[in-house]
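Below are the chains, spelled out letter by letter.
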Amino acid sequence: MRSTTAFASLTLLALLASGCGAGGPGTGVSTTTKSEPSTGGQASVSGGGGGGASSSSAAGKFSLTPTPDGSAGTSTGGNGALLPGMACATGTASAKLAGVNMIVAFDRSGSMRQSAVRNGPTRWELTSAALKAFFASPDAAGLKLALRFFPDDNPAVGCNDQACDAAACAQPLVALGNLSAPAAPVDAQEQALLDATDKSAPGMGAGGGTPTSAALAGALAWAQAQHVLTPNENTVVVLVTDGEPHGCDEDITNISKLASDAFAADNVRTYAIGLTGSREADMDAIALAGGTTKGIFVSDGVSTQQDLLDALAAIRGQVLDCDFPLPVAAAGATIDPTRVNVNVTATGGVKTTLAQVPDEAACATGAPGWHYDNPQSPARIVLCKASCDAVTVDVMASLEVLLGCETITEVPK
């Protein structure tokens, strides 16, 4: 049986500066996750003074619990952290947590039949095994996932380098469904994904081009439609390919624009995983346009399967564990993105204010911190890997999002 993973408790306490939110100081509310993977449930924190509130989401993941009044005082914590009681942070705003919807667009062109290891398994055999291991992983429980392979063997379908039908590529081979704790076949979604992968192996006569533009356009169209259905959830596209665009629109500028348009319009992010045969500059361009900074590269070799599995797991960890919406202000109020801070309280009660970094690339040094999904139009807060790892390992850790005080861009001394 697939066991669930214990996630850190995430507490979001949204506090607005005086004059920025409706209502006066009062007892706020915090949103706390249980030690369960996300099942797509959501809960909201509403502003207003007076007493606290307590309720649970339909999915059972989030609960609302009262928190102490933090309207008085101006001191920072013992570790230099900003506190809710500081004069710059009064009032309440709303905050929401939600699940993630992922569509994987996976290349099955003829080049995937090439040997990844001399006299050994093919690239398809290794990467499809990694894909199936990802579906079966305990950490995937709670993820909502759809799957589309490209190009399609059936010319009538149109998701290929002749018809270049993005609408056809927008139809998943496996529709969106929730991966649950039990393993397949009890988990019907996992079983469907495994079966579809086995049936999609490129045959001996497989050939044709790599219709990257049609495949990506279709996946993004699916993701944007899903965003309309679940606007408070995080929807992402994962493109996995081993070739340069061949057939359909091959202009990488145009292909990248598909990702940037979806990111700008609906905060749909695109992750680009390049296997051997892909062009790194193309993958980087797509990822940058799609809000994920750089491509992820997996080379042929004895570690191909594990490297791809690690890449998929890293993507899943970022969007599910350590990514949450910027709290929503009360009616008539606004949130100043330059006055947002994130606190981490570790086991034992030591509170630290994380430094904001410009983007995901700035997290590469391994330093703790956080950044916005889109600095020009922020909608989500994303923790750097170091902070994400620390929070998820410490099951008693909690996070606070404080609004109203000037953003700390370096760790307080």
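To start, this report covers the structure provided alongside it. (Residues numbered from 1 in each chain as written. Predicted model: local features only at pLDDT ≥ 70, side-chain atom pairs only at ≥ 80, totals over all residues. Heavy atoms only, no water.)

1. Notes on the packing of helix α1 (residues 123–136) against helix α3 (residues 188–199)
Inference 1: Close contact between α1 and α3 brings their axes to 9 Å; oriented N to C, the two are set at 175°. Judged by the inter-axis angle, α1 sits roughly antiparallel to α3. Residue-level contacts link W124, S128, L131, K132, F135 and A136 of α1 to E190, L193, L194, T197 and D198 of α3.
Inference 2: Residues of the contact of α1 with α3, tallied by class, amount to six nonpolar, two polar and three charged. (Axes fitted to C-alpha atoms, helices over the stretch in contact; angles between N-to-C directions. Helix = DSSP H or I, 4+ residues; strand = E, 2+ residues; numbered from the N terminus. Parallel < 35°, antiparallel > 145°, perpendicular 65-115°, else oblique. Contact = heavy atoms within 4.5 Å. Nonpolar A, V, L, I, M, F, W, Y, C, P; charged D, E, K, R; others polar.)

2. Notes on the side chain of D373
Inference 1: Counting through the fold element by element, D373 comes out in the loop between β15 (370–372) and β16 (380–383).
Inference 2: No salt bridge is formed by the buried D373; the nearest opposite charge belongs to R380, separated by 5.5 Å.
Inference 3: At 3.0 Å, the side chain of D373 forms a polar contact with the backbone nitrogen of A379.
Inference 4: A polar contact is formed between the side chain of D373 and the backbone nitrogen of R380, at a distance of 3.0 Å. (Buried < 20%, exposed > 50% of the residue type's maximum accessible area, 1.4 Å probe, protein only. Lys, Arg positive; Asp, Glu negative; His and termini not counted. Salt bridge = Lys/Arg side-chain N within 4 Å of Asp/Glu carboxyl O. Polar contact = N/O pair within 3.5 Å; in protein donor to acceptor, adjacent residues only side chain to side chain.)

3. A closer look at the sheet that holds strand β7 (residues 144–150)
Inference 1: Strand order in the open sheet formed by six strands is β8-β7-β6-β9-β10-β11, and the pairing between neighbours is mixed. In this open sheet, the two strands that pair with only one neighbour each are β8 (174–178) and β11 (296–298). Averaged over all pairs of adjacent strands, the angle between their axes in this sheet comes to 20°, without regard to strand direction. (Pairing = 2+ DSSP bridges.)

4. Some details on the nonpolar core
Inference 1: Ranked by size, the top nonpolar core spans 33 residues in total, and within it M102, F106, L147, V238 and I273 carry the most contacts.
Inference 2: Those elements giving two or more residues to this core turn out to be β6 (100–107), α1, β7, α3, β9 (234–241), β10 (269–275) and α7 (304–321).
Inference 3: Per element, the largest residue contribution to this core is six residues, and it comes from α7.
Inference 4: Those residues in contact with I273 that sit more than four places away from it in its chain are V238, L239, V240, T241, M283, I296, V298, L308, A311, L312 and I315.
Inference 5: With 25 residues, the next largest nonpolar core counts A105, C169, W222 and L239 among its residues. (Core = buried A, V, L, I, M, F, W, Y, C linked by side-chain atoms within 4.5 Å.)

5. Observations concerning the environment of Q305
Inference 1: Within the fold, Q305 resides in helix α7.
Inference 2: Residue Q305 is classed as partly exposed on the basis of its relative accessible area of 33%.
Inference 3: Once the C-alpha coordinates of Q305 and A129 are considered, the two residues, 176 residues apart in sequence, prove to be 6.8 Å apart.
Inference 4: Once you skip the residues sitting within four places of it in the chain, Q305 turns out to touch L126, A129 and A130.

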